[in-house]
Amino acid sequence: MKKFSVKTVVAIAVGAALFFVCGRFIAIPSPVPNTSITIQYGVLAFVAVLFGPVAGLLAGFIGHALVDFAAGWGVWWSWVIASGVFGLLMGIATKKIDLEGGEFGKAEIIRFNVSQLVCHIICWGLVAPVLDILIYQEPVEKLFAQGLVSGISNAVTTAIIGTLLCIAYAKAKPKAGSLKKED
Amino acid sequence: MINLFNYIDRPSPIHKLTGATKLICTVLWTFAAMVTYDTRLLILMPVISLLLFRVSKIRFRDVKVMLIATFAFMVLNNLTVFLFSPQHGCTIYGTKHVIIGGNARYALTEEQLFYHFNLILKYLSQIPMILLFITTTDPSEFAASLNKVGVSYKISYAVALTLRYIPDIQREYVDISQAQQARGIEMSKKESLINRLRSASTILIPLIMSSMDRIEVISNAMELRGFGKNKKRTWYVARRFVKWDYIAMAGCALLFLVSIAGIFISGSRFYNPFV
């Protein structure tokens, strides 16, 4: 693991702040009443790809904890931890993607989306419900249904928003070896 | 702009406690409430927290908006629990006293009602404490208290930075969103879902790109000031523990121990009035 650099500290902070703002203010009304599509996991995935697992873990954890604190429905530690785990796994799974070098072609898009799908399945299909069962002892069926619904919507928004963000970011960066020495 | 964490500055004994004390107390308290399903303890906890509210001089209308959100969430959660598992109470308490409905799947049983009563009590024991913590803790003291509790100062500082940059990013989001709307981008219900997602990304991309630039600027500024060179750092807002801090922490630790001990003594997390 790399040293905990100043840049990681700042990336965690800005990532968590973005997660918070997206989670709390950018809610897109959906056809289902009383639910809205939130896009913060797309942003979190992007931060994890760019700054690595540690930044992903802490940005997800801090961001989600703050969303819960500010919303007033109590802090659901099981889901907060699941968000952190998503950032962590995403960072590990996409270690090979070099966004800073401006590389985000077809292979990277596939890699990104397969990893995000797997990470979402692990987090909302496994980590969140199991922690919920251990901590809150609510009915198992309800928890897995909740996990399934949020897992699917998170995976869809991550696929769209996350991929778009990565492409846009990579485009803005000069590719390695894009400058040639004049003869 | 909304005041984010609703810190309300009023002179009261609770406000005088250090942030670290309140953090430790809230964590112990919510864990105690999370672990136990003992009805007696769950009735006691909301009563104590209401008394603390009195002491803290936070009024009902200060937290009204949040309480409404809590209430809606609580109702929704109870409904889904009932919908998915109408006989959950029976599996927990081991008996079945049907009130109405006979053998139907959604028959109403005393056990289920008692389980829901416990669920509601769990909310009532946790939420007031969290609200109290939010309304009486100065956000800038929060980071200092995290560090005091033992969290590495780099992570504490990341939390402080997060709190510092949330309003900034929020403002920028509003700016970009209005600029895009002036260019004719539609975010309301009139558009189809796919188009709404697409228009969200036209706001999000500039927002993220400018935030990434911001990361560069902030980390350079911090590096120039030597952040992270030493093992420790001091905090401008940190305060010393006094007598009342120790008393409050001891009280919450006691509650936590009672909650844990209750499980081991009775051998179950649930208080069972049916046998």
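A few points on the structure. Here the structure is a predicted model, which is why all the values come from computation and not from measurement.

## Examining a nonpolar patch on the surface
Residues and elements named next belong to chain A. On the surface, Ile-110, Val-114, Val-118, Ile-122, Leu-126, Val-130, Leu-134, Val-140 and Phe-144 cluster together into a nonpolar patch covering about 750 Å² of accessible area. Secondary structure elements with two or more residues in the nonpolar patch: helix H5 (106–136) and helix H6 (140–172). Tracing the sequence through the fold places Val-130 in helix H5.

## Digging into the nonpolar core
Phe-46 and Leu-99 of chain A together with Leu-204 and Met-222 of chain B are the most contacted members of the largest nonpolar core, which totals 115 residues. For this core, the leading source of residues is helix H1 (residues 6–24) of chain A, giving 14 residues. Val-81, Phe-114, Phe-270 and Phe-274 of chain B belong to the second largest nonpolar core, which has eight residues in total.

## Points about the interface of chain B and chain A
Counting residues at the interface gives 60 residues for chain B, matched by 56 residues for chain A. Both sides of the chain B and chain A interface together cover about 5300 Å² of buried area, and 81% of this is carbon and sulfur. Where chain B packs against chain A, one counts one salt bridge. In this structure, the salt-bridge partner of Glu-216 of chain B is Lys-7 of chain A, at a minimum N-O distance of 3.4 Å. Taken together, chain B and chain A are joined by one residue pair in polar contact (both at pLDDT 80 or more). Secondary structure elements with two or more residues in the side of chain B that touches chain A: helix H2 (19–35), helix H4 (64–84), helix H6 (110–136), helix H8 (153–182) and helix H9 (193–224) of chain B. Here the side of chain B that touches chain A gets 18 residues from one element, more than from any other, and that element is H9 of chain B. For the side of chain B that touches chain A, the residue count by class is 42 nonpolar, twelve polar and six charged.

Scoring rules and cut-offs
- Residues numbered from 1 in each chain as written.
- Chains lettered and ligands numbered in written order.
- Predicted model: local features only at pLDDT ≥ 70, side-chain atom pairs only at ≥ 80, totals over all residues.
- Heavy atoms only, no water.
- Patch = residues over 30% accessible without salt bridge, like charges linked within 9 Å, V, L, I, M, F, W, Y side chains within 5 Å.
- Areas by Shrake-Rupley, 256 points an atom, 1.4 Å probe, with all protein chains shown as cover.
- Salt bridge = Lys/Arg side-chain N within 4 Å of Asp/Glu carboxyl O.
- Helix = DSSP H or I, 4+ residues; strand = E, 2+ residues; numbered from the N terminus.
- Core = buried A, V, L, I, M, F, W, Y, C linked by side-chain atoms within 4.5 Å.
- Buried < 20%, exposed > 50% of the residue type's maximum accessible area, 1.4 Å probe, protein only.
- Contact = heavy atoms within 4.5 Å.
- Buried area = accessible area lost by both parts, 1.4 Å probe.
- Polar contact = N/O pair within 3.5 Å; in protein donor to acceptor, adjacent residues only side chain to side chain.
- Nonpolar A, V, L, I, M, F, W, Y, C, P; charged D, E, K, R; others polar.

None of this, on its own, says anything about what the molecule does.
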